[in-house]
Amino acid sequence: MALENTLKELFFHQLEDDLIAEMERVGKRMTLKSGDMIMDIGDAMPGMPLVINGAVKVLREDSEGNELLLYFLEAGDTCVMSFSCCMASKKSKVRAITEGATELLIIPVQYMNDWVHKFQSWRAYVFDAVRIRMDEFIEAVDSLAFMRLDERLLKYLRDRARVLGTPNLEITHQEIAYDLNTSRVVVSRLLKRLENDNVLNISRNHLEIIEL
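Residues numbered from 1 in each chain as written. Predicted model: local features only at pLDDT ≥ 70, side-chain atom pairs only at ≥ 80, totals over all residues. Heavy atoms only, no water.

Can you explain the side chain of Asp40? Please cite residues and give values.
The topology assignment puts Asp40 in the loop between β2 (37–39) and β3 (47–61). A distance of 2.6 Å separates polar atoms of two side chains, one belonging to Asp40 and the other to Arg95. What Asp40 contacts, discounting residues up to four positions off in sequence, is Ser92, Val94 and Arg95. (Helix = DSSP H or I, 4+ residues; strand = E, 2+ residues; numbered from the N terminus. Polar contact = N/O pair within 3.5 Å; in protein donor to acceptor, adjacent residues only side chain to side chain. Contact = heavy atoms within 4.5 Å.)

Provide a residue-level description of the pattern of salt bridges, including the pertinent values.
Under the definition given, this model contains 23 salt bridges. Across the pair Arg25 and Glu22 runs a salt bridge, and its minimum N-O distance is 3.9 Å. Taken together, the residues span about one helical turn, with Arg25 and Glu22 both in helix α2 (residues 17–26) at a distance of three residues. As a salt-bridge pair, Lys118 and Glu22 come within 2.7 Å of each other at their nearest N and O atoms. Taken together, the residues span a long stretch of sequence, with Lys118 in helix α4 (residues 109–118) and Glu22 in helix α2 at a distance of 96 residues. The buried category is assigned to Glu22, whose relative accessible area is 14%. Each of the salt bridges in this network shares a partner with another, and the network as a whole consists of Asp40, Glu61, Glu67 and Arg95. (Salt bridge = Lys/Arg side-chain N within 4 Å of Asp/Glu carboxyl O. Buried < 20%, exposed > 50% of the residue type's maximum accessible area, 1.4 Å probe, protein only.)

I'd like a description of the sheet that holds strand β8 (residues 206–209), backed by residues and values.
With respect to topology, three strands assemble into an open sheet ordered β6-β8-β7, the strand pairing being antiparallel. Every interior strand has two partners, whereas the edge strands, β6 (168–170) and β7 (200–203), have only one. When strand polarity is set aside, the average angle formed by the axes of neighbouring strands in this sheet is 15 degrees. Bridge count between β6 and β8: three bridges; the pairing is antiparallel. Each bridged residue has a counterpart across the sheet, and for Glu170 the counterpart in β8 is His206. (Pairing = 2+ DSSP bridges. Axes fitted to C-alpha atoms, helices over the stretch in contact; angles between N-to-C directions.)

How would you explain the packing of aromatic side chains if you had to name every residue and give the values?
Scanning the model with the defined rule gives five aromatic pairs in all. Taken together, a centroid distance of 6.1 Å and an interplanar angle of 40 degrees make the contact between Phe72 and Tyr156 tilted. Note that Phe72 is positioned in strand β4 (residues 67–74) and Tyr156 in helix α6 (residues 149–164), a separation of 84 residues in sequence. Judged by relative accessible area, Phe72 falls into the buried class, the value being 5%. Overall, the relative accessible area of 3% leaves Tyr156 in the buried class. A network of ring pairs unites the aromatic residues Phe11, Tyr111, Trp115, Trp122 and Tyr125 as a single cluster. The ring of Tyr71 is capped by Arg133, whose NZ or CZ atom sits 5.4 Å from the centre of that ring. (Phe/Tyr/Trp six-rings, centres within 6.5 Å; stacked < 30°, edge-to-face > 60°. Lys NZ or Arg CZ within 6 Å of the ring centre and 35° of its normal.)

By themselves these figures say nothing about function.
Here you go:
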């Protein structure tokens, strides 16, 4: 499908036709495999990634190299942290990795500020993305502060299933442990408990969420 048609279908005509034409003209389309790194902590940001299809997880890392999942991005989403870094000419403070086959449109930094002034729909899209990501960031903080690990685990699995569009997840216990900043042994024990409660079906490197 032509990029213009893809964008119109994705945004349901929320963006002006002139803006979509400019996005098609200047955007760099990228097709990535599952597990590909889009940006890493400390990278310079050449542009803002817009998810066309697929999903992306955004993580933070502490001084000891421990990762923590902040939020997922799905089709139509963008990482506002990359927008902020681009506008301020700062390096990335997050890591973004694809979840499954993913297609992106990279908007070069020199167009981003111009479009905020030129296109009302782009301004609304960016501000709404900031609001959504801020809500998700607060939710991530609340999860750490107030939720038990088993609750965080189930929320993580359901969020992942939602952005991937399937209750069947190909994932290892170690991958889950990295994202939740805990140990594989703890994750395996909690997953077994959820299986015994008929919330999950578990097989090797595969989970099926029964209760979404």
